[in-house]
Structure formats: C-alpha cells, structure tokens
Amino acid sequence: MATVLRYFGPLVLIFAVACACVAEMRSTPPTTLEIPVAARSSANFDVKTATDAWLGSVPPDKKARSDAYFEGGYWLQLWNFLLSAAIMILLLTTRWSASIREWTQRVTARKNLQTLLYFIPFLLITAVLQFPLAVYEGYFREHHYGLSNQTFSSWLRDQFVGLGVTAVLGGIGIVVLFAIVRRLGKNWWVWGAVASVVFLTITALIAPVYIAPLFNTYTKLNNARIKDPILSMARANGIPATDVYEVDESRQSKRVSANVSGFLGTERISLNDNLLNQCTLGEIETTMGHEMGHYVLHHVYKDILFFGVFFLVGFAFLDCGLNRMLVRWGERWGMRGITDVAVLPLAVLLLSFFLFVTTPVQNTWIRTQEYEADIFGLDAARQPDGEAAIDLKLGDYRKLDPSSLEEFIFFDHPSGRTRITAAMRWKKENLGLETAK
Ligand SMILES: [Zn+2]
C-alpha cells in the first residue's frame with residue numbers, strides 16, 4: 001500500500017477518515033474498563049486533573065517508545081521528500097527522462113499511448129530507487145516498534161499489489177492530464193485541477209469495493225452484542241447502514257482501527273479485527289460514533305471542496321514553476337515544452353515540493369475534522385471513558401502530549417491530550433449521565 005500512498009497522497013488525505021489506534025495484543029476481549037481514580041465521577045471532578053490521570057496511566061517506557069516512533073516520522077517525511085526529489089533530478093539531469101520519451105516515439109505515433117508507455121518505466125525506476133527507504137519504513141521499522149506482525153513475503157506481496165494499482169490508476173491519470181495539457185494549452189492547470197479532483201472522487205467511490213479487498217478480506221460482522229448497539233447508533237443518527245463489516249487487518253498490523261469509506265451508495269462501516277479483540281464495548285461504541293460523525297457531518301463532500309481549491313493552487317504553482325524551469329533548463333534536459341511527457345519528473349518534483357511545504361495546512365484541515373468527529377462521537381456514544389481509553393491506545397504510535405506547535409505542523413489527528421481533554425470536558429458536563437461499559 002505504501003507505493004499507492006506515495007503517489008496518491010492527496011487521495012489518502014481526502015478519504016482516509018480512519019480512526020486508528022494500537023493496543024497490546026490480548027487473547028480475550030476485555031469487558032470492563034479500568035478508570036484512573038482521579039478520572040472517576042465525583043463532586044469535585046476536574047477536567048485537567050482527570051486528563052492528567054489518564055495520560056499518567058501510561059508507563060514511561062511505553063510513552064518514550066511512542067514518542068520516538070512518532071518523532072521519527074517527522075524525519076521520515078523529510079527523507080521521503082528528499083529521496084523523491086533526488087530521483088526526479090536524476091531522471092532529468094541524466095536525460096533518462098528524455099531517452100524514455102524518445103523510445104516511446106519509436107514504438108508508436110499515438111500521443112496517448114506514448115504517455116502510457118513512458119509512465120511504466122518511470123514508475124518502475126522510481127519504485128526500485130525508493131524501495132530501500134520503503135522497506136525500512138514499512139517493514140523493519142514497524143517490526144522494531146512492535147506494530148506489525150506481517151511476514152516479509154506477505155508485506156512484499158502487498159507492495160506489488162500496490163504497485164499494480166498505482167500503474168493502472170496512475171497510468172489513466174497521467175494520460176488524461178497530458179491530453180488536457182495538449183488540448184487546452186495555457187489554461188491546462190484549471191482543468192487539470194478539476195480533472196484531478198473528479199478522478200480522485202471516482203477512485204474514492206470505487207476504492208471500498210474494488211481496491212481495499214485487494215489487500216484485506218471484509219466479512220459481515222455477526223456478533224449481535226457488538227453489531228446491534230452500532231446499528232442502533234447508526235439509525236439514531238440517520239445513517240442508512242444495515243451491515244457492519246469486519247476487516248482482517250491483523251494480517252498486516254497490530255493497530256486497532258475503524259473507518260467509514262466510500263459514498264453515493266458504496267458507504268461501508270468497517271471495524272478491524274484488532275479493535276474487536278482488544279477493546280471494550282464502550283471503546284468500540286465511541287470509535288464508531290466518531291466514524292459516524294465523519295458521515296453525518298459530510299466530511300467527504302467538504303474534503304472534495306477543500307482539496308478542489310487546494311489542487312487549484314497546487315496546479316497554478318505547478319504551471320508557473322514548469323514554465324520558468326523549462327525556459328532555464330528545458331534544452332539541457334532534452335524537454336520540448338509543457339506538452340512533452342518527459343517533463344513528468346519535473347512536475348512530480350514541483351508538486352511534491354508543494355505538498356511537502358503545505359503539510360501543516362493539509363494536516364490542520366484533516367485534524368479539525370477529526371476533532372469534530374470526536375465531539376460527534378462523544379455525543380452519540382456517551383462513552384467519555386471509553387474515548388479516553390481508546391485515545392491512550394492510539395498513543396502507542398502517536399505522540400500523546402506534544403507542544404501545540406508540533407500538533408499544528410505534524411498531527412493529522414488531534415493528540416491524545418487534546419482528545420482526552422475533550423472527553424473529560426464532556427464527562428464533567430454530563431456527570432452521572434454516562435454509563436461506563
Ligand atoms: Zn476519524
């Protein structure tokens with residue numbers, strides 16, 4: 001999946017409304033929740049004291065490991081950007097890009113086919129050169145931090161499937177974009193942005209049905225003890241769901257997660273098997289309340305609007321950058337203008353720079369929606385302690401108590417402290433009303 005994520009980062013940003021968390025593996029599902037003394041209902045309940053009590057219940061070595069994992073991720077964002085930039089610069093300065101274009105012209109005279117033929121070696125060279133970092137990040141590092149139990153062969157299989165998905169979707173995307181550039185000339189960037197949003201929207205529509213099953217198996221959840229309260233909560237909030245799906249994500253990871261995906265009829269509420277095995281009903285309910293929040297608050301549609309504007313700015317930057325750099329280096333790198341597919345590495349370089357520097361903007365948009373979904377989940381499930389408990393489990397791979405600047409720049413979900421504070425504030429205002437499960 002990592003390869004897909006790399007090329008379709010924005011797609012994931014738009015539609016990954018997953019609320020993931022991690023927990024220690026347990027053989028039997030727990031049935032009761034242990035609430036720290038200072039966070040239990042009392043006449044002098046204090047939000048900050050209760051939040052600190054929850055956060056203080058995490059052993060220091062576990063917190064240090066989670067901080068190290070998450071902070072390492074800050075650097076990985078930089079290394080990924082720099083590696084991708086280095087590969088693109090290599091393709092340009094060695095004129096490999098121009099040579100591949102010349103090869104496609106010898107094979108066929110049809111422009112669309114030339115674009116598609118160019119994309120295949122481009123994708124393969126990029127995937128091979130990115131592989132060392134991908135294997136460290138996706139396989140060794142996950143195992144080092146105890147977050148994955150996937151075998152190397154199974155991980156590798158997922159990478160090849162991801163590469164196949166990228167080849168198909170990326171191939172279609174690139175052919176369409178270059179056709180737009182050839183037909184529309186100067187205004188290509190406006191229609192390029194529109195086409196990208198339409199393309200990502202269609203991909204999101206088909207993803208739950210055609211892409212996700214390539215990586216995991218989805219089965220209908222039959223356990224009435226869990227399914228009934230979830231469907232009841234869905235009905236109470238006007239969600240037309242009749243089934244809840246269980247996904248076998250323990251195949252790849254020890255993380256607990258749930259998500260709502262798709263829209264316009266492909267909506268699907270899915271819980272992963274780790275969540276079902278490791279969390280109390282209260283934790284599961286609050287998680288599902290959060291996911292339903294994304295649905296009820298129309299986050300997918302708001303994302304399409306937001307990323308529509310975001311892409312427009314990105315493509316304007318791309319158009320401006322491409323034209324300037326072509327004037328300066330076009331001849332040296334063997335590129336014949338903006339309609340030449342050989343400019344692809346330069347376009348990827350500029351677009352990854354844009355995505356890299358705007359990371360805090362994207363994160364803040366998504367994090368704000370995640371916070372909205374949290375508030376919705378608290379109101380819908382009425383499980384503030386379940387919420388705090390699941391937030392701590394999420395803390396196995398997301399730093400629990402960062403500075404506000406750190407949260408602003410790097411967090412695409414609220415931190416543990418922010419989420420638990422919201423849960424304890426809800427609890428204080430509803431003292432005695434919530435039911436601990
Ligand atoms: Zn979420």
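Computed from a predicted model, the values in this text were never measured in an experiment.

## Quick look at the overall build of the chain
In step 1: For the chain, the count of helices and strands is 17 helices and five strands.
In step 2: For 437 residues, the compact-globule estimate of 2.2 N^0.38 gives 22 Å, and the C-alpha radius of gyration of the chain, at 23 Å, lies within 12% of that figure.
In step 3: By principal-axis analysis of the C-alpha atoms, the chain measures approximately 75 × 45 × 40 Å.
In step 4: When the accessible surface of the chain is totalled, it reaches about 19,700 Å², and 64% of it is carbon and sulfur.
In step 5: A gap of 8 Å separates the mean positions of the 41 positive and 39 negative side-chain charges of the chain.

## Details of the confidence of the model for the chain
In step 1: Chain-level statistics for the chain give a pLDDT mean of 86 and a share of 91% at 70 or above.
In step 2: Of all helices and strands in the chain, the one with the weakest mean pLDDT is strand β1 (residues 19-22) (33), whereas helix α17 (residues 416-429) scores best (96).
In step 3: Scored below 50 in pLDDT, residues 1-28 shows 95 contacts in the model against residues more than four places distant or in partner chains.

## Details of the coordination of the zinc ion
As a benchmark, a tetrahedral metal site with four donors has ideal angles of 109.5 degrees, while an octahedral site with six donors has ideal angles of 90 or 180 degrees.
In step 1: Here the zinc ion is held by the protein donor atoms His290 (NE2), His294 (NE2) and Glu370 (OE), which lie 2.0 to 2.2 Å from it.
In step 2: The sequence pattern describing where the donors of the zinc ion fall on their chain is H-x3-H-x75-E. Taken as a pair, His290 in helix α11 (residues 281-296) and Glu370 in helix α14 (residues 359-381) lie far apart in primary sequence, 80 residues in all.
In step 3: On the accessibility criterion, Glu370 (1% relative accessible area) is buried.

## Here's the deal with the packing of helix α12 (residues 299-329) against α14
In step 1: Two elements in contact, α12 and α14, have axes separated by 12 Å at closest approach and are oriented at 165 degrees. Between α12 and α14, the interaxial angle falls into the category roughly antiparallel. For α12 against α14, the interelement crossing comes out right-handed. Here α12 contributes His299, Lys302, Asp303, Phe306, Phe307 and Phe310 to the contact with α14, which in turn contributes Val361, Gln362, Trp365, Gln369, Glu372 and Ala373.
In step 2: Here the contact of α12 with α14 is composed, by residue class, of six nonpolar, three polar and three charged.

## Here we look at the packing of helix α9 (residues 224-236) against α11
In step 1: For the pair α9 and α11, interaxial distance at closest approach is 10 Å and the crossing angle is 35 degrees. Relative to α11, the crossing made by α9 is right-handed. Two secondary-structure elements touch here, α9 through Arg225, Ile226, Pro229, Ile230, Met233 and Ala234 and α11 through Leu281, Ile284, Glu285, Met288, Gly289 and Met292.
In step 2: Taken together, the residues of the contact of α9 with α11 sort by class into nine nonpolar, one polar and two charged.

## Comments concerning the environment of Leu205
In step 1: Mapping Leu205 onto the fold places it in helix α8 (residues 188-211).
In step 2: Sequence separation of Leu205 and Glu267 is 62 residues, and the distance between their C-alpha atoms is 8.6 Å.

## Focus on the nonpolar core
In step 1: Judged by nonpolar contacts, the single largest core of 43 residues is most densely connected at Trp188, Phe311, Leu322, Met335 and Leu346.
In step 2: In terms of residue count, α12 provides more of this core than any other element does, 10 residues in total.
In step 3: Sequence-distant contacts of Leu322, defined by excluding residues within four places in its chain, comprise Trp188, Ile338, Val343, Leu346, Ala347 and Leu350.
In step 4: Within the second largest apolar cluster, 24 residues are counted, among which are Met233, Ala234, Ile239 and Ala258.

Quick notes on the rules
Residues numbered from 1 in each chain as written. Predicted model: local features only at pLDDT ≥ 70, side-chain atom pairs only at ≥ 80, totals over all residues. Heavy atoms only, no water. Helix = DSSP H or I, 4+ residues; strand = E, 2+ residues; numbered from the N terminus. Rg over C-alpha atoms; globule rule 2.2 N^0.38 Å. Areas by Shrake-Rupley, 256 points an atom, 1.4 Å probe, with all protein chains shown as cover. Lys, Arg positive; Asp, Glu negative; His and termini not counted. Charge placed at Lys NZ, Arg CZ, Asp CG, Glu CD. pLDDT = per-residue confidence, 0-100. Contact = heavy atoms within 4.5 Å. Donors = N, O, S within 2.8 Å, 3.2 Å for Na, K, Ca; no water. Buried < 20%, exposed > 50% of the residue type's maximum accessible area, 1.4 Å probe, protein only. Axes fitted to C-alpha atoms, helices over the stretch in contact; angles between N-to-C directions. Parallel < 35°, antiparallel > 145°, perpendicular 65-115°, else oblique. Left-handed = near helix turned anticlockwise from the far one by under 90°. Nonpolar A, V, L, I, M, F, W, Y, C, P; charged D, E, K, R; others polar. Core = buried A, V, L, I, M, F, W, Y, C linked by side-chain atoms within 4.5 Å.

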